[in-house]
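These are the residues of each chain, in order.
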Amino acid sequence: PDAVIVSDYGKGLITQELMDQARRVFLKPGRILAVDPKVRNFSLYRKVNVITPNHKEAALGSGIAVDSDASLIQAGWKIIEDLDCDAVVITRGEKGMTIFEKGAQPEHIPTVAREVYDVTGAGDTVIAILTMARAAGLSRREAAVLANFAAGVVVGEVGTSAVTAEALKDIVRQDPPSRF
């Protein structure tokens, strides 16, 4: 595969051995190793292409209390430094997401959710669409914008839901890609 997502639900499956093997197999040019983390396992996620903590996980994982944009920026850079990963995308709920990438300034992507009914699955949606879009050749920013659109669809539903290609196309048409 061109991309692999390690989605850690904190059930004990994600181990050092698993992550070492994933890095050996997937950290090659043209492949993506993406992680949706749990804080207690942060040290396992070294040298991945992208990690997508929410703002609470970023605070705990970095050891920096995130209570402002400035402290969020410090936390994002600390995660990149500590984990030696290529990028960190911190999801921030109603505040959107912030992308940290080695060698670039942090970039904020505002939320596109219109009405929030249930945030269940929003993080899963972000990592899935972000990774798929990167594998398809979109830039990190473009992939994050698309993931943000998709999360906006999912949080507008009650209960766990999946965004369809048609729903994603519709929401992008409603809010044209000037954000890309």
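The rules we used
- Residues numbered from 1 in each chain as written.
- Predicted model: local features only at pLDDT ≥ 70, side-chain atom pairs only at ≥ 80, totals over all residues.
- Heavy atoms only, no water.
- Helix = DSSP H or I, 4+ residues; strand = E, 2+ residues; numbered from the N terminus.
- Expected span 1.5 Å × (residues − 1).
- Buried < 20%, exposed > 50% of the residue type's maximum accessible area, 1.4 Å probe, protein only.
- Contact = heavy atoms within 4.5 Å.
- Core = buried A, V, L, I, M, F, W, Y, C linked by side-chain atoms within 4.5 Å.
- Phe/Tyr/Trp six-rings, centres within 6.5 Å; stacked < 30°, edge-to-face > 60°.
- Salt bridge = Lys/Arg side-chain N within 4 Å of Asp/Glu carboxyl O.
- Axes fitted to C-alpha atoms, helices over the stretch in contact; angles between N-to-C directions.
- Left-handed = near helix turned anticlockwise from the far one by under 90°.
- Pairing = 2+ DSSP bridges.

1. A closer look at helix α3 (residues 69-83)
An α-helix turns once every 3.6 residues. As a result, residues three or four positions apart point the same way.
Right, so step 1: Spanning 15 residues, α3 covers 21 Å between terminal C-alpha atoms, matching the ideal 21 Å at 1.5 Å per step.
Right, so step 2: Here α3 has its buried residues at S71, L72, A75, G76, I79, I80 and L83.
Right, so step 3: Each element contacted by the buried residues of α3 is listed here: β3 (50-51), α2 (55-62), β4 (87-91) and β5 (97-101).
Right, so step 4: D84, located one to two residues past α3, shows a positive phi value of around 50°.

2. Thoughts on the environment of E17
Right, so step 1: By the secondary structure assignment, E17 is in helix α1 (residues 16-26).
Right, so step 2: Note on E17: relative accessible area 65%, which makes it exposed.
Right, so step 3: C-alpha of E17 to C-alpha of L44: the two residues are 27 residues apart in sequence and 9.2 Å apart in space.

3. Thoughts on the nonpolar core
The tendency in soluble globular proteins is for nonpolar side chains to be buried side by side.
Right, so step 1: Ranked by size, the top nonpolar core spans 27 residues in total, and within it L130, V163 and L168 carry the most contacts.
Right, so step 2: Counting only elements with at least two residues in this core, the list comes to β2 (32-36), β4, β5, α4 (122-135), α5 (140-154) and α6 (165-174).
Right, so step 3: At 10 residues, the largest contribution of residues to this core is made by α5.
Right, so step 4: Contacts of L130, omitting those with residues within four sequence positions, involve V50, T52, V89, R140, A143, A144 and A147.
Right, so step 5: Of all hydrophobic cores here, the second largest spans 22 residues; its members include V4, I14, A58 and F100.

4. Points about the packing of aromatic side chains
Right, so step 1: A full pass over the atoms with the stated rule returns two aromatic pairs.
Right, so step 2: Ring geometry for F42 versus Y45: centroids 6.0 Å apart, planes at 70°, classification edge-to-face.
Right, so step 3: The exposure class of F42 is buried, given its relative accessible area of 7%.
Right, so step 4: Arranged with centres 5.6 Å apart and planes meeting at 80°, the rings of W77 and F100 form a pair that is edge-to-face. Linking W77 in helix α3 with F100 in strand β5, this pair joins segments that are 23 residues apart in sequence.
Right, so step 5: Here F100 falls in the buried class, since its relative accessible area comes to 0%.

5. A few points about the pattern of salt bridges
Right, so step 1: One pass over the structure, following the stated rule, counts seven salt bridges.
Right, so step 2: The partner of D20 in a salt bridge is R23, with the nearest N and O atoms 2.8 Å apart. With D20 and R23 both in helix α1 and three residues apart, the pair spans about one turn of that helix.
Right, so step 3: Among the residues examined, D20 registers a relative accessible area of 28% and is labelled partly exposed.
Right, so step 4: Under the relative-accessibility criterion, R23 is labelled buried at 13%.
Right, so step 5: With a shortest N-O distance of 2.8 Å, R92 and D69 are connected by a salt bridge. Of the two residues, R92 sits in the loop between β4 and β5 while D69 sits in helix α3, which places them 23 residues apart along the sequence.
Right, so step 6: Given the relative accessible area of 10%, R92 is considered buried.
Right, so step 7: Among the charged side chains, a salt-bridge network with shared partners connects K47, D84 and K102.

6. As for the packing of α4 against α5
Right, so step 1: Put simply, α4 and α5 touch, their axes get as near as 8 Å, and they point 145° apart. With respect to the hand of their crossing, α4 and α5 are arranged in right-handed fashion. Here A122, T125, V126, I129, L130, M132, A133 and R134 of α4 lie close against α5, whose contacting residues are R140, A143, A144, L146, A147, A150, A151 and V154.

7. Here's the deal with the sheet that holds strand β6 (residues 107-109)
By definition, the strands of a sheet pair up through backbone hydrogen bonds, in either a parallel or an antiparallel sense.
Right, so step 1: If you walk across this open sheet you meet the six strands as β1-β2-β3-β4-β5-β6, and the pairing is mixed. At either margin of the open sheet sits one strand with a lone partner, and together these are β1 (3-7) and β6.
Right, so step 2: Two strands pair when backbone bridges link them, and β3 and β4 are joined in this way by two bridges, in the parallel orientation. Bridging from a neighbouring strand, I51 pairs with V88 of β4.
Right, so step 3: Along the sheet, α4 contacts β1, β2, β3, β4 and β5; its crossing angle with β2, the most-contacted strand, is approximately 170°.

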